[in-house]
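# Structural characterization, general
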Amino acid sequence: MTNIETITLEVADTAAAERFYADAFGLTTQLRFRVSDAPSDGFRGYTLSLTVPQPADVDSLIETALAAGATTIKPATKSMWGYGGTVRAPDGSIWKLATSAKKNTGPATRTIDAIVLLLGAADVAASKRFYVEHGLTVGKSFGKMYVEFEAGDGPVKLALYRRKALAKDAGVAPEGSGSHRIAVGGAAAFTDPDGFAWETTASASLS
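Since the model is a prediction, treat every value here as computed from it, not as a measurement. (Residues numbered from 1 in each chain as written. Predicted model: local features only at pLDDT ≥ 70, side-chain atom pairs only at ≥ 80, totals over all residues. Heavy atoms only, no water.)

## Things to note about the packing of helix α1 (residues 14-25) against helix α2 (residues 55-68)
Across the interface, α1 lies against α2 with an axial gap of 7 Å and an inter-helix angle of 150°. Considering their axes alone, α1 and α2 lie roughly antiparallel with respect to each other. Between α1 and α2 the crossing geometry is right-handed. Side by side, α1 and α2 meet where F20, D23, A24 and F25 of the first sit next to L61, T64, A65 and A68 of the second. Class assignment of the residues belonging to the contact of α1 with α2 gives a composition of six nonpolar, one polar and one charged. (Axes fitted to C-alpha atoms, helices over the stretch in contact; angles between N-to-C directions. Helix = DSSP H or I, 4+ residues; strand = E, 2+ residues; numbered from the N terminus. Parallel < 35°, antiparallel > 145°, perpendicular 65-115°, else oblique. Left-handed = near helix turned anticlockwise from the far one by under 90°. Contact = heavy atoms within 4.5 Å. Nonpolar A, V, L, I, M, F, W, Y, C, P; charged D, E, K, R; others polar.)

## Observations regarding the pairing of strand β6 (residues 83-88)
Burial analysis of β6 places five of its six residues in the buried class, which makes it a mostly covered element. Pairing of strand β5 (residues 71-78) with β6 involves five bridges; the strand directions are antiparallel. Across the sheet, the residue bridging to T77 is G84, located in β6. Between β5 and β6, which pair antiparallel in sequence order, lie four residues; one of them, G82, sits at a positive phi of approximately 155°. Across six bridges, β6 lies against strand β7 (residues 94-99) in antiparallel orientation. Each residue of the ladder has a partner; that of T86, found in β7, is K96. (Buried < 20%, exposed > 50% of the residue type's maximum accessible area, 1.4 Å probe, protein only. Pairing = 2+ DSSP bridges.)

## Observations regarding the sheet that holds β6
With mixed pairing, eight strands are arranged side by side in an open sheet as β5-β6-β7-β4-β8-β11-β10-β9. Edge positions in the sheet fall to β5 and β9 (138-142), since each of these pairs with one other strand and no more. Taken over all neighbouring pairs, the strand axes of this sheet differ in orientation by 15° on average, direction set aside. Sitting on the sheet, α2 is in contact with β5, β6 and β7, with an inclination near 15° to β6. Docked against the sheet, helix α3 (residues 124-133) engages β8 (114-121), β9, β10 (146-149) and β11 (156-162), running at close to 150° with respect to β11.

## Some remarks on the environment of V138
Mapped onto the fold, V138 is located in strand β9. With 130 residues separating them in the primary sequence, V138 and T8 have C-alpha atoms 23 Å apart. Excluding residues within four positions of it along the chain, V138 makes contact with K128, V132, V147, E148, F149 and E150.

## Considering the confidence of the model for the protein
Averaged over all residues, the pLDDT of the protein is 94; the fraction at 70 or higher stands at 97%. In this model, residues 203-207 is a region of pLDDT below 50 whose contacts with residues beyond four sequence positions or in other chains number seven contacts. (pLDDT = per-residue confidence, 0-100.)

## Things to note about unusual backbone geometry
With phi around 60°, R110 is a residue other than glycine that occupies positive phi space. Among the secondary structure elements, R110 is positioned in the loop between β7 and β8. For R181, which is not a glycine, the phi torsion comes out positive at approximately 60°. Following the sequence through the fold, R181 ends up in the loop between β12 (176-178) and β13 (182-186). Taking relative accessible area as the criterion, R181 reaches 10% and is therefore assigned buried.

This is the structure:
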């Protein structure tokens, strides 16, 4: 089964990005960085989500992200599905901090239950077929709206969401052009129907 083994963010300053993610979210080994000045305008077509146990953890992670230099896109609020908010990192990537719990059961622990890469797809059904053909296993599927794949032993879970719906959930306009400024590391190299590039983990580590 194909799994996501690495996520590489293309940034202007790798040292600054490393400091931000360590200070903001405590992520030190889960992400890789490489320098790129590829043009990117508007929504890059994806979000990264950190799912956590309770609202206190959402608030704590958002607080440290803002202190480290992130900007608020959607303040954390309660909703039908739980509690969460979104921020934009200094490198331009959008991060959602969320929990399905609506009440705290104790003080914040800053535990991260899962990292989820959500790709905005023009045609979720077509992208689902593409990824299944490339070895991913579907975990959850909700028609042509949302698909979640099994993470296996990988540190990051992959999901597909309609692009406009993903942008709305993040709190940004769906329009965007240029580079996605992200690369996915796995066992094989390919480019999906929406232009997201996968690289072999070996080549990603050399980037």
